[in-house]
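Reading the structure
Each chain, letter by letter, is given below.
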Amino acid sequence: MKNNKAHFVAFIGVMLALIFVLFLLEGAVLSPLGMTACILSLPVAIALSIYDDWKKSFIGGTLLGVCSCIFCLIFASMYIFYANPLISVLPRFFIGITAYWTYFGLSRLFRNSKRIFLRESVPAGIAGLIGSLTNTVLYLFSVNIWSGDAMGALTQILQLAVSIYFPIELIACIVLVPVYVAVLKKVSRKFIKTKIFVEENI
């Protein structure tokens, strides 16, 4: 049991570092263009939330929120308002939860399909879409609530819907989440569960 927890903690540490590096990369490349899309980091967070059981569904979004908070603290002169955990972390807690149950329900629906694409890729892709929408909607509501303009969130959401980066983020999640889920399942099975099984039987 201790080995199980140790390997899991190590795995989460690696994923936190990966999401943070991707978040920094996105910030460095997209900020000068006036964009803040999580094109790479959000799909990783969603995939991390749905590849295993429901008890871990909150982890991916929470890690993304923590990375966002740290990023805003590092670049405090520009983003200090968004470093508030109630803005950067709390809304993202729910990303994986909505994505997981979407993935779970669709996986059950298509479980008897003979096509792997329909059994695995379609549920993961739609879960990526739901996770991305959850991130955007709840994040904007949190920003506007704490800035004293709760009704402004709807206006911002409508503006984002016709912008460039929001569709790009949605497409990235739809395309990349199935790929990341497949990779995470292989990594988990090969390097975590297998190693634990071997150590417990030595």
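Just above sits the structure.
Residues numbered from 1 in each chain as written. Predicted model: local features only at pLDDT ≥ 70, side-chain atom pairs only at ≥ 80, totals over all residues. Heavy atoms only, no water.

This next bit is on the overall build of the chain. A count of helices and strands for the chain gives ten helices and zero strands. Along the chain, from the amino end to the carboxyl end, the secondary structure elements read α-α-α-α-α-α-α-α-α-α. Counting the 202 residues in the chain, one finds 43% classified as buried. Partitioning the contacts of the chain with sequence separation of at least 6, the portion at a separation of at least 24 is 70%. Total accessible area on the chain is roughly 11,100 Å²; 72% of this is exposed by carbon and sulfur atoms. (Helix = DSSP H or I, 4+ residues; strand = E, 2+ residues; numbered from the N terminus. Buried < 20%, exposed > 50% of the residue type's maximum accessible area, 1.4 Å probe, protein only. Contact = heavy atoms within 4.5 Å. Areas by Shrake-Rupley, 256 points an atom, 1.4 Å probe, with all protein chains shown as cover.)

Attention shifts here to the packing of helix α7 (residues 95–109) against helix α8 (residues 116–146). How two helices pack is summed up by the angle between their axes together with the distance between the axes. The interhelical angle for the contact between α7 and α8, taken along N-to-C directions, is 155°, at an axis separation of 8 Å. Put simply, α7 runs roughly antiparallel to α8. As for how α7 packs across α8, the hand of that crossing is right-handed. On α8, the residues that touch Ile95, Thr98, Ala99, Thr102, Tyr103, Leu106 and Ser107 of α7 are Arg119, Glu120, Pro123, Ala124, Ile126, Ala127, Ile130, Gly131, Thr134 and Asn135. Counted by class, the contact of α7 with α8 contains nine nonpolar, six polar and two charged residues. (Axes fitted to C-alpha atoms, helices over the stretch in contact; angles between N-to-C directions. Parallel < 35°, antiparallel > 145°, perpendicular 65-115°, else oblique. Left-handed = near helix turned anticlockwise from the far one by under 90°. Nonpolar A, V, L, I, M, F, W, Y, C, P; charged D, E, K, R; others polar.)

In the structure shown here, the tally under the stated rule is one cavity of 30 Å³ or more. The volume enclosed by the largest cavity comes to roughly 30 Å³. In terms of lining, the largest cavity is formed by Phe8, Ile12, Leu48, Tyr51, Asp52, Lys56 and Ile59. Of the residues in the lining of the largest cavity, the class split is five nonpolar, no polar and two charged. (1 Å grid on protein atoms, 1.4 Å probe; cavity = no way out; pocket = protein on both sides within 12 Å on 5 of 7 lines; lining within 4 Å. Points joined across faces, edges and corners; volume = space filled by probe spheres on them.)

With 16 residues, helix α3 (residues 59–74) should reach 22 Å at 1.5 Å per residue; the first-to-last C-alpha distance of 22 Å fits that figure. Of all 16 residues making up α3, twelve are buried, and the element is well covered by its neighbours. Taken together, the buried positions of α3 are occupied by Ile59, Gly60, Gly61, Thr62, Leu63, Leu64, Gly65, Cys67, Ser68, Cys69, Phe71 and Cys72. (Expected span 1.5 Å × (residues − 1).)

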